[in-house]
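Observations on the three-dimensional arrangement
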Amino acid sequence: MTPRSLLSCAIAFGLSMASPLVLSAAPDPAPTALGTEDCPPSKDEDLRQRQRRRPGDPGRDCVPTVDPDGNPVVPDPASDALRVPRRYSDIPRPGTAEFDDPIAIPDRWRIVDALYEERWYDPYNRNVLKGDKPVHGEDWFFAVNAISDTVYESRQVPTPVGGQSTGDPGSNDIFGGPNQYSLVQTMLVELVYLKGSTVFKPPDFEFRLTPAFSYNYSSVEEILALNADPRRGTTRRDTHLGLQAAFFDYHIRNVSDRYDFDSFRIGIQPFNADFRGFLFQDSQLGARLFGTRDNNIFQYNFAVFRRLEKDTNSGLNDLGKRLRRDDVYVANLYWQDLFKLGLQSQFTIAHNRNGEDRDFFFDNNRFIARPASIGTERPRKYQVTYLGYSVDGHIDRVNLSATAYYAFGREKNAVFVDRPSDIRAHFLAAEASMDYSWIRPRLSFLHASGDKDPFDGKSTGFDAIFENPQFAGADTSYWIRQAVPLIGGGRVSLSGRNGVLNSLRSSKEQGQSNFTNPGTVLLGVGADFDLIPQLRLSLNANQLAFDRTEVLEVARNQADISRNIGTDLSASLIWRPYMSQNIVMRLSYATLIPGQGYDDLFPDQGAPHSLLANIILTY
C-alpha cells in the first residue's frame, strides 16, 4: 500500500477511533532508531533516513522506535516533535521525507484540522461554533444557530368602523377601509450545549436556550382596529423579547445495541402532536418522556404542558405574565411500516384541561381575549380529550398524509347558553401527491365538524388546542394566513391567523378553544414546480365552505347565510440561492374569490387579497 493510500484510509476510518491514531508508511525491513545526528545509525539505515525531519522538528533529541529488547515503541502523541500540522501549507507533499514520516493524531476530531483553516463565521465547513468538534474534553460540544425572519405584508381584510370614533367622518356603514400593512422582524438565537457522541445516538446531556426578539409595525385605515383606545390612531410599533426554548434533556439509557433509548426533557420546549400541526404545535413549558424501540420502528412520547401566556402582537412567549390555567397532556406512538412499507402510523391521545373561568383577561391592545366577545361573554372552563390517528409516507408512488381526530368532553358555560354542554366533534384531513420529475401535483381535503344548534346542550364544532397547519398551501393561502373578523357578531375571527379552522376565537394565541362554531370544509388542488434547483413555484386553489351556518346566523342575528365561503387562489415563489436553508426568500400572493356565504357576511367588499415577502437568513 502506498503512503498516499494509507493516509487516505486513515483519514476515512480514523473518525471511528477514540484512541490516538498513528499514520505511517510501510515499515522498514528492520526496526531502526530515528535518524538524527545525535543517534548512531543502524546498519540498515541509509543517509536519507538519518537526515529526515518531521515538520517543525528541531532534531535535538533522539526518539528511538525500538526498546533495548527490539520491541517497537509507539511515539508519544503529546510529544512536541509529533504535532499535527495546523495549516494546509504545512502538510508534507508526496516524494518528500516528511511525507513518509509517522504523524500522531491526538484524537479523532482533529484528524482533518490540517486540511484547512477554520473560520468561526463559516457555517459550511468545520466550525467549533457549529458543534463539529468538542469545546472541551472528548465529547462536550457547543453550537450556535441564529435565524433572522423578515416579513412584509400588504393585505385587505374586512375592517369595522370604530363604534366610538372613526378617522373617516363620512362613514355611516359598519365596514371601513380594508387596507392594512405590516412589517415584522424576528431574531432568534439558539444556544446548545451538549455531551455525547451524537452520530448514532442521542446526547447524554443537552442544555438549550432560544431567546427571540421581535419588532413589528402595523398600519391600518380605521381607528380601533389596532387598539381599544382611539387616541392610539391607525399605526402601531411594538417590540418584545421572548423565550422560545429553555430546557434540559437527559439521556436516561440505551435499551439496545442499535441505540434505542429513553430520554427525559424538562423546560420550555417545542412539540408537535401530529405530522401536520393540526392539533397542538407550540413551544410551551412542560416535561416530556420520549424514546424509541425495535431499531427505531417505534417512537413514543409522554408529555405534560402548562401553557405560557403569549405576547399579543408578536405571538412569542411572554414570561412577564403568569402561567395560564390551561394544561395539555399528550401521549403518542409512531409505528413505522405498520400497514404498508414506507407508511408511518401515529396514534395520539391528548387531553386539554382549561380552568380559566374565574376572571376576565385583556390583551396588550386592551381588547378582551378571555372569554371571547361573543354570545353570553361569560367566563368558561372545559375539559376535552382528543383521540387521533395519522399516517405519513407513501403507498408505492403516491405520497400520503392524513389525520383524523374525535374530540369529546364537557364545558361549563357554553358560548350561547348559561349551562354546561357536552363536547362531541370530529376532524379529518388528507393530502395526496405524486412526483413527476420536477412537478408534484397534490389533492387536499379537510372536514371539521360544525355545531348545528348552539342552544341544545351539545357542542359539536371541532376546535384545536393550538393549530399551525402545514397543509393546502399553509400560510400562502389567504384564508389560512389572515384572521378574518366576524364583524357584528362579536369581536372574534372566523378563522385565526395561521389557522384553517373557523373556530370563532378571540385569537389563537390568547383565546380559549370554542366548540360552538360553524366548522370548516376544504377541497383543494395544487402543485409544486422545481423550475431550477434553487427556485420553486407553488400554486394552490382551495374551495372553502362552512360545515354549518346556524352559529353564524345566531351570532349575527341574520338568516339564510350560505355555506359557500369562496375560492382561495395563491401562488408563491421560493428561492434558495445556495440550495440550502441558510438563505430562503419567498414572495407570495393570494386572493379570495368570494362565494355567497362571504358576500352574506361582508356585502360589497369585493375580493380581498394579500401580498407577502419573506426573507429567512440562518447561521
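For the structure given in this document, a descriptive report is provided here. Nothing here was measured: the structure is a model prediction, and the numbers come from that model. (Residues numbered from 1 in each chain as written. Predicted model: local features only at pLDDT ≥ 70, side-chain atom pairs only at ≥ 80, totals over all residues. Heavy atoms only, no water.)

A few words now on the overall build of the protein chain. Within the protein chain, the secondary structure is distributed over six helices and 25 strands. Expressed as a percentage of the 619 residues in the protein chain, the buried residues total 47%. Nonlocal contacts in the protein chain, meaning residues at least 24 apart in sequence, comprise 61% of its contacts between residues at least 6 apart. Here the protein chain displays about 29,400 Å² of accessible surface, and carbon together with sulfur accounts for 57% of that area. (Helix = DSSP H or I, 4+ residues; strand = E, 2+ residues; numbered from the N terminus. Buried < 20%, exposed > 50% of the residue type's maximum accessible area, 1.4 Å probe, protein only. Contact = heavy atoms within 4.5 Å. Areas by Shrake-Rupley, 256 points an atom, 1.4 Å probe, with all protein chains shown as cover.)

Quick look at the pairing of strand β17 (residues 439-448) now. Every other side chain in a regular strand lies on the same face of the sheet, so the side chains alternate between the two faces. Pairing geometry for strand β16 (residues 421-434) and β17, over seven bridges, is antiparallel. Residue pairing across strands places A429 opposite L446, the latter belonging to β17. Hairpin connection, β16 to β17: the antiparallel pair is bridged by four residues, and S437 has positive phi, about 55°. As paired strands, β17 and strand β21 (residues 520-532) are joined by 10 bridges and run antiparallel to one another. Across the sheet, the residue bridging to H447 is V521, located in β21. (Pairing = 2+ DSSP bridges.)

A few words now on the side chain of N517. Secondary-structure assignment places N517 in the loop between β20 (493-495) and β21. Exposure remark for N517: the relative accessible area of 0% places this residue in the buried category. A polar contact of 2.9 Å, which involves the side chain of N517, links it to the backbone nitrogen of G519. If sequence neighbours within four positions are ignored, N517 has contacts with S449, G450, D451, G461, F462, D463, N502, S503, L504 and V551. (Polar contact = N/O pair within 3.5 Å; in protein donor to acceptor, adjacent residues only side chain to side chain.)

Under the definition given, this model contains 36 salt bridges. We note a salt bridge from R324 to D326, for which the minimum N-O separation is 3.8 Å. D326 matches R324 in its accessibility class, with the two residues each being buried. Residue R442 is joined to D528 by a salt bridge in which the shortest nitrogen-to-oxygen separation is 2.9 Å. Separated by 86 residues along the polypeptide, R442 in strand β17 and D528 in strand β21 bring together distant segments of the chain. The pair R442 / D528 is uniform in exposure class, with both members buried. The structure contains a network of salt bridges with shared partners spanning E153, R155, D475, R481, R497 and R586. (Salt bridge = Lys/Arg side-chain N within 4 Å of Asp/Glu carboxyl O.)

Quick look at the nonpolar core now. Among soluble globular proteins, nonpolar side chains are generally buried collectively. The biggest cluster of nonpolar side chains holds 57 residues, and the ones touching the most others in it are Y386 and L494. Per-element accounting of this core gives the leading share, four residues, to β16. When sequence neighbours within four positions are dropped, the list of residues in contact with L494 reads W479, V484, P485, L486, L501, N502, S503, L504, F546, L552, L601 and F602. (Core = buried A, V, L, I, M, F, W, Y, C linked by side-chain atoms within 4.5 Å.)

Throughout the structure, instances matching the rule amount to 27 aromatic pairs. Each ring, one from W140 and one from F205, has its centre 6.4 Å from the other, and the planes form 5°; the classification is stacked. Pair noted here: W140 is in strand β3 (residues 140-156) and F205 is in strand β5 (residues 205-220), with a separation of 65 residues, a long-range link. Ring centres of Y386 and Y405 lie 6.4 Å apart, and the angle between their planes is 80°; on these two criteria the pair is classed as edge-to-face. Taken together, the positions of Y386 in strand β14 (residues 381-395) and Y405 in strand β15 (residues 398-412) put the pair 19 residues apart, joining distant regions of the chain. Every member of this aromatic cluster is reached through a ring pair, and the members are W140, Y193, F205, F207, F248 and Y250. Geometry around F290 places R288 over its ring, the cationic atom sitting 4.1 Å from the centre. (Phe/Tyr/Trp six-rings, centres within 6.5 Å; stacked < 30°, edge-to-face > 60°. Lys NZ or Arg CZ within 6 Å of the ring centre and 35° of its normal.)

As a further point, take the side chain of N365. Structurally, N365 can be placed in the loop between β12 (361-362) and β13 (368-370). Within the local environment of N365, its side chain forms a polar contact with the side chain of N313, the two groups lying 2.9 Å apart.

This part covers a nonpolar patch on the surface. Together, W438, L531, I532, L573, L587, Y589 and L611 line one region of the surface with nonpolar side chains, adding up to about 640 Å² of accessible area. One can find L531 in strand β21. For L531, a relative accessible area of 43% gives the class partly exposed. (Patch = residues over 30% accessible without salt bridge, like charges linked within 9 Å, V, L, I, M, F, W, Y side chains within 5 Å.)

Turning our eyes to something else, we now look at the pairing of strand β25 (residues 609-618). Two strands pair when backbone bridges link them, and β3 and β25 are joined in this way by nine bridges, in the antiparallel orientation. The residue bridging T150 from the neighbouring strand is I615, located in β25. Bridging between strand β24 (residues 583-594) and β25 involves nine bridges; their strand directions are antiparallel. Paired with V584 across the bridge in β25 is I616.

With that settled, consider the environment of Y389. Within the secondary structure layout, Y389 lies in strand β14. Of the residues examined, Y389 reaches a relative accessible area of 28% and is grouped as partly exposed. Here the alpha-carbon distance between Y389 and L428, two residues 39 residues apart in the chain, equals 9.7 Å. Look past the residues within four positions of Y389 in its chain and what remains in contact with it is F339, S345, Q346, F347, A402, T403 and A404.

Before going further, it helps to examine unusual backbone geometry. With glycine set apart, most residues show a phi of negative sign, and most peptide bonds adopt trans. Residue P371 follows R370 across a cis peptide bond; omega there is -5°. For N413, which is not glycine, the phi dihedral falls at a positive 60°. Along the chain, the position of N413 falls in the loop between β15 and β16.

Turning to the environment of P211, a few remarks are in order. For P211, the location among the structural elements is in strand β5. Linking P211 and Q244, residues 33 residues apart in sequence, is a C-alpha distance of 6.0 Å. The residues contacting P211, other than those within four sequence positions of it, are M187, L188, V189, G242 and L243.

Structural measurements only, silent on function.
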